[in-house]
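Commentary on secondary and tertiary structure
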Amino acid sequence: MEPKTKYTMELEDDDLYDLSDVDDQFKVKQIAGWYNKDRHGNYCKDEQYAKYLYLPRNMKEVSFDLNQKHEEDVYKPQNEMKESIDSILKWVVENSTDSEGMPKSPDADFVCYRGILYQLMCVPYENKDSLRVCAIKAKGTTYLCQFFTEQNRKDRQAQAENPDMAKFTKWGHKFEHYMVSDEPGKPPDATQPMSEYEELNIVYQSMLGPHTLIYGAEIDGLTKKEDLQDLYQAKLIELKTCRQNANNYSFCRYKLIKWWAQSMLAKIDSIVVGYRNDEGMVKSLEQMRVANIPKMAKGWSAPRCVVFLRDFLSFVKHVMKDATESDVFEFVWYPGESSYSARKLPPGNNCNFLPDWFQSWLVT
Ligand code: A3P
Ligand code: MG
Ligand code: MG
């Protein structure tokens, strides 16, 4: 019999999902470590890049001008689309050793970035963006990396060429600059230059149903100096901007699902929202507990998102049960499709995202 080359996973209706035991399904078991990116986007490990939230005394009356610029500001190219997981792989190489200090394959079924996991969680309710995931299994661990569909590329290009969208992206980063400083309790100085590349990433070890995962996530803010020493107990902060007087249904239907999925995976305690007008002035702030967001959901269910991600990972394991290290599998879904489809890519594909230095490390 010919080996099977195409696989599908049906996206079932909400009521076919058993959501009863969902609270036991996902758990961050521990925080395995952290790393940073410096102002040029280089991987490093330096406490100076950790940022601490500073909440002004009166959150209802602030005046932050998101248009403020500095000639030394560093911006990411608007159409940048990274198809690699190099920084989490670097962290794995530096941190996965056995008791004798010898290299050891990571202790997880899956290694990836948080970005791919939260986008998968949103798939049952997504009606705009397609999602393409490539997967390689090596030494029992499956590595997941986002690759972009033609549709993703066109959308990102259109976004980069749209002056309003480009402006909103810059505003989001500038908002962070008004909200965090390099010392707890120190007021931020938004006149200083900023870089969109600079970031703190935390590495999580989580469990989702039968699956174990290691993933990296970018964190906007810490609250206390001791947080870096005990990130599991830290109250982690996500920062978001939002148009003031945004349509409430559309906010609760489309925005909150993404904010929630992104935050719950990273054990974020609360999101600080900066409400901005169309001129880029933030006039008020609100702190929103992540745990309360599922109650505000309109047209989506938080447990369903979790169950979908769990079942997707089971599908990946099933499809790749006999995969070898040279195989790359592709999982693609387009809005409107009732199933996720998968296939093994033919030899010569351009999707082998495990770099040579990582593969050499794996075989030592
Ligand atoms: P806002 O979300 O406040 O608009 P994050 O919120 O994930 O920390 O990202 C910080 C900012 O980067 C965002 O702030 C937004 O400006 C920009 N950004 C992140 N993801 C983006 C995307 N897919 N498209 C455009 N801008 C994005
Ligand atoms: Mg961020
Ligand atoms: Mg943010």
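Refer to the preceding data block for the structure.
Let us look at the structure shown here. The residue numbers shown here count from 1 along each chain, following its written sequence. Each chain gets a letter, beginning with A, and each ligand a number, beginning with 1, in the order they are written. Local features are withheld for residues below a pLDDT of 70 in this predicted model, meaning they are given only at 70 or higher, and side-chain atom pairs are given and counted only at 80 or more; totals for whole chains, interfaces and linings count all residues. Working from all heavy atoms in the structure, the side-chain values ignore hydrogens and water.

Considerations on the packing of aromatic side chains
Classification of ring pairs uses Phe, Tyr and Trp, with its six-membered ring standing for Trp, and accepts pairs whose centres are within 6.5 Å; under 30 degrees between planes counts as stacked, over 60 as edge-to-face, and the remaining range as tilted. Overall, the coordinates contain 13 aromatic pairs when judged by the stated rule. Ring geometry for Phe64 and Tyr178: centres 4.7 Å apart, planes at 15°, overall stacked. With Phe64 in strand 5 (residues 64-65) and Tyr178 in helix 4 (residues 163-179), the pair connects residues that are 114 residues apart, well separated along the chain. Residues Phe64 and Tyr178 agree in their burial class; the two are buried. An aromatic cluster is present here, built from Tyr143, Trp357, Phe358 and Trp361 joined pairwise through their rings. The positively charged end of Lys170 is found above the aromatic ring belonging to Tyr75, 4.8 Å away from the centroid. The criterion for a charge sitting over a ring is simple: Lys NZ or Arg CZ within 6 Å of the ring centre, and within 35 degrees of the ring normal. In this structure, Arg276 is placed above the aromatic ring of Phe168, and the distance from its NZ or CZ to the ring centre is 4.5 Å. Helix and strand assignments come from DSSP, with helices taken as H or I runs of at least 4 residues and strands as E runs of at least 2, each series counted from the N terminus. Relative accessibility decides the category of a residue: with a 1.4 Å probe and only protein chains considered, values under 20% of the type maximum give buried, values over 50% give exposed, and everything between is partly exposed.

A few points about the coordination of the magnesium ion (ligand 2)
Donor atoms from the polypeptide that bind the magnesium ion (ligand 2) are Glu218 (OE) and Asp220 (OD), placed at 2.2 Å. Metal donors: N, O and S atoms at distances within 2.8 Å, or within 3.2 Å for Na, K and Ca, with water omitted from the atom set so that some sites may seem incomplete. Here the magnesium ion (ligand 2) and the magnesium ion (ligand 3) are spaced 3.5 Å apart, with Asp220 acting as a shared donor. The class for Glu218 is partly exposed, based on a relative accessible area of 25%. Under the relative-accessibility criterion, Asp220 is labelled buried at 6%.

A closer look at the site of ligand 1
Only heavy atoms are used to decide nearness, and a residue is near a molecule or strand if one of them lies within 4 Å of it. Every one of the 14 residues lining ligand 1 counts as a neighbour, but Gln159, Thr169, Lys240, Thr241 and Gln262 are closest to it. Distance and chemistry together define a polar contact, namely a pair of N or O atoms within 3.5 Å, with one atom able to donate a hydrogen and the other to accept it when in protein, and with adjacent residues in sequence counting only for side-chain atoms on both sides. Within the contact set of ligand 1, an oxygen atom lies 3.3 Å away from a side-chain nitrogen or oxygen of His173. Considering ligand 1 on its own, with 540 Å² of exposed area, one finds that the protein chains cover 67% of that surface. Among the elements of the structure, helix 3 (150-161), helix 4 and strand 12 (236-243) are those that each provide at least two residues to the shell around ligand 1. With five residues, helix 4 is the single largest residue contributor to the shell around ligand 1. Each residue is assigned to one of three groups, with Ala, Val, Leu, Ile, Met, Phe, Trp, Tyr, Cys and Pro labelled nonpolar, Asp, Glu, Lys and Arg labelled charged, and all others, Gly among them, labelled polar. Taken together, the residues of the shell around ligand 1 break down into two nonpolar, six polar and six charged. Surface accessibility in these figures is a Shrake-Rupley result with a 1.4 Å probe; residues are shielded only by whichever protein chains are displayed.

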